[in-house]
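# Fold and contact review
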Amino acid sequence: MEKPDRDYPLNQWYAAAFAGEVARQPLARTICDQQVVLFRTQAGVATALVDRCPHRKAPLSAGQLVGDNIECPFHGMQFAPDGACTRIPSQESIPPAAHIRSFPLVERHGHLWIWMGGQTADPALIPDMHWLTDPAVTAVKGSLALKCNYLLALDNLIDDTHLSFVHRRSIGTPKIAQAPMTVEGGDDWVQFTRWTLDTPPSAFHARAGGFTANVDRWFVSRFVKPATVLIDVGSAPVGTARSGDRSKGINIFSNHTVTPATATTCHYFWHAARNFGLGDEKLSQQIHADMHATFIEDQDIVEVVQRNQDVDPVGLPFLNLAGDAVCLRARRIIANLVAAELARGSSRVA
C-alpha cells in the first residue's frame, strides 16, 4: 500500500549496500519503509527480494540459500532470484499469490543500487561516481546506520556552515561559516562553492597534508537526486590553488549517499578518494579513522536533533537562514519528485 505522507521518491536509484557487503549469507535491509533481503547467486549476481514470505510473513533473511533459491525459515518455501516461488514442501501446486517481488538491482561504483518504484528502472539514472573505483586515486569508505530522517542527514551533508561548530576539533575552521558562497544548479542538482583564504588548516588537513602554516581551502558540494552529495575539498599553501593549480595541495573527493529506511532512520554510505599518498596503507588507516570520527560527530548531532524534533510540542516550521539556500533547493528537487509521483498515482508495487 502507498505511504501517503512519504517524503522520498520511489522511482529513483538508492544505495542498498556496498557491493562487498553482499555475499551468500542473506542480508536484511529496510529501504523506503520496505523490508528487503539481499544475496548473491552461485554465479555472484546480486539479488534483492521482498524480505517477507507470503505464507506467514516470516523474514526470508533468517533463512538459508539452497542453490540460487532462498528458503523460508518457517515452512521451507523457496523463492528464485526473480521472486518466483519454486517449492512448497507441503503441497505440489504453487498458487500465483506465492510469488514475491524482485527489485531491480545494479552493481556500479562499488555500490549495489536498488530501484523501489513501479516505473521501469533506467540504469542511466544512477549517480555518476565513476571516480570511486578509479585506480589513479586511493580510497577509503564506511557506512553508518543513522537514527534520523534521511532529509536531516542530507541537510547536514549539504550545509557546510555547521563545520565550524560540530567539527571544530576535526575538519572545521572558524572562517567557513562566514566565507562567501557561489551557488549554481539545475532541475535535478544544486552545487555551491566556498573558498576560505589564508586560514589555519583544519586538524585533519594539517595531519593529511603536513601543513604548518596558513592555507587556502576550497569546498565544493554538489547534490544529485535523489540523495547523493559529491564533495570536492582540499587545502593548499596560500596563493597557490585559487587560479586552478592544486598541485601543491591535497585533494579529497568524497561521495556521500543516503538511503531512507523509515521516517526516523536511514543508511549513510561514505567513500573518500585522495590524490596524495597513493597506496600508503598506514595513511589510509589514519584517514579512515579521522573521517569515521568526523562522521560520528555528525551522527551525534543529527540524532539528537531528530529526537528533539520528535518531541516538539508546538511543531512550528523551521527558521531558515541564508546558509540554508542550497539545502532548500535540494529539498525542493526531492519534493517535486515526490509530488509528481503522487500525482500519477501509486508508485509502489507490492
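Okay, so let's go over this structure.

## Observations regarding the packing of helix 1 (residues 150–158) against helix 5 (residues 325–344)
Helix 5 packs onto helix 1 with a crossing angle of 140 degrees between their chain directions and a minimal axis gap of 9 Å. Classified by the angle their axes make, helix 1 and helix 5 are oblique. The chirality of how helix 1 crosses helix 5 is right-handed. Facing helix 1, whose interface residues are Y150, L151, L152, L154, D155 and I158, helix 5 presents V326, C327, A330, R331 and I334.

## Section: helix 4 (residues 281–310)
Side chains of residues three or four places apart in an α-helix project in the same direction, reflecting 3.6 residues per turn. End to end, helix 4 covers 42 Å across 30 residues, agreeing with the expected 44 Å (1.5 Å per residue, within 8%). Its side-chain oxygen at 3.1 Å from the backbone nitrogen of K282, D280 defines the N-terminal cap of helix 4.

## Let's talk about empty space enclosed by the protein
Considering all chains together, one arrives at four cavities of 30 Å³ or more under this definition. Taken as a whole, the second largest cavity spans an internal volume of roughly 80 Å³. Lining the second largest cavity are L144, L146, A153, N156, L157, V258, Y268, F295, D298, Q299 and V302. Of all the secondary-structure elements, those providing two or more residues to the lining of the second largest cavity are strand 11 (138–146), helix 1 and helix 4. A total of four residues in the lining of the second largest cavity trace back to one element, the largest contributor, which is helix 4.

## Topic: the nonpolar core
Counting residues in each nonpolar core, the largest one holds 62 residues, and the members touching the most others are I114, Y150 and L154. No other element matches helix 1, which puts seven residues into this core. Setting aside residues no more than four positions away along its own chain, I114 makes contact with Q12, W13, Y14, A16, I31, V36, A48, F103, P104 and L105. Of all hydrophobic cores here, the second largest spans 15 residues; its members include L49, L65, F79 and I100.

What counts and how
- Residues numbered from 1 in each chain as written.
- Predicted model: local features only at pLDDT ≥ 70, side-chain atom pairs only at ≥ 80, totals over all residues.
- Heavy atoms only, no water.
- Axes fitted to C-alpha atoms, helices over the stretch in contact; angles between N-to-C directions.
- Helix = DSSP H or I, 4+ residues; strand = E, 2+ residues; numbered from the N terminus.
- Parallel < 35°, antiparallel > 145°, perpendicular 65-115°, else oblique.
- Left-handed = near helix turned anticlockwise from the far one by under 90°.
- Contact = heavy atoms within 4.5 Å.
- Expected span 1.5 Å × (residues − 1).
- Polar contact = N/O pair within 3.5 Å; in protein donor to acceptor, adjacent residues only side chain to side chain.
- 1 Å grid on protein atoms, 1.4 Å probe; cavity = no way out; pocket = protein on both sides within 12 Å on 5 of 7 lines; lining within 4 Å.
- Points joined across faces, edges and corners; volume = space filled by probe spheres on them.
- Core = buried A, V, L, I, M, F, W, Y, C linked by side-chain atoms within 4.5 Å.
- Buried < 20%, exposed > 50% of the residue type's maximum accessible area, 1.4 Å probe, protein only.

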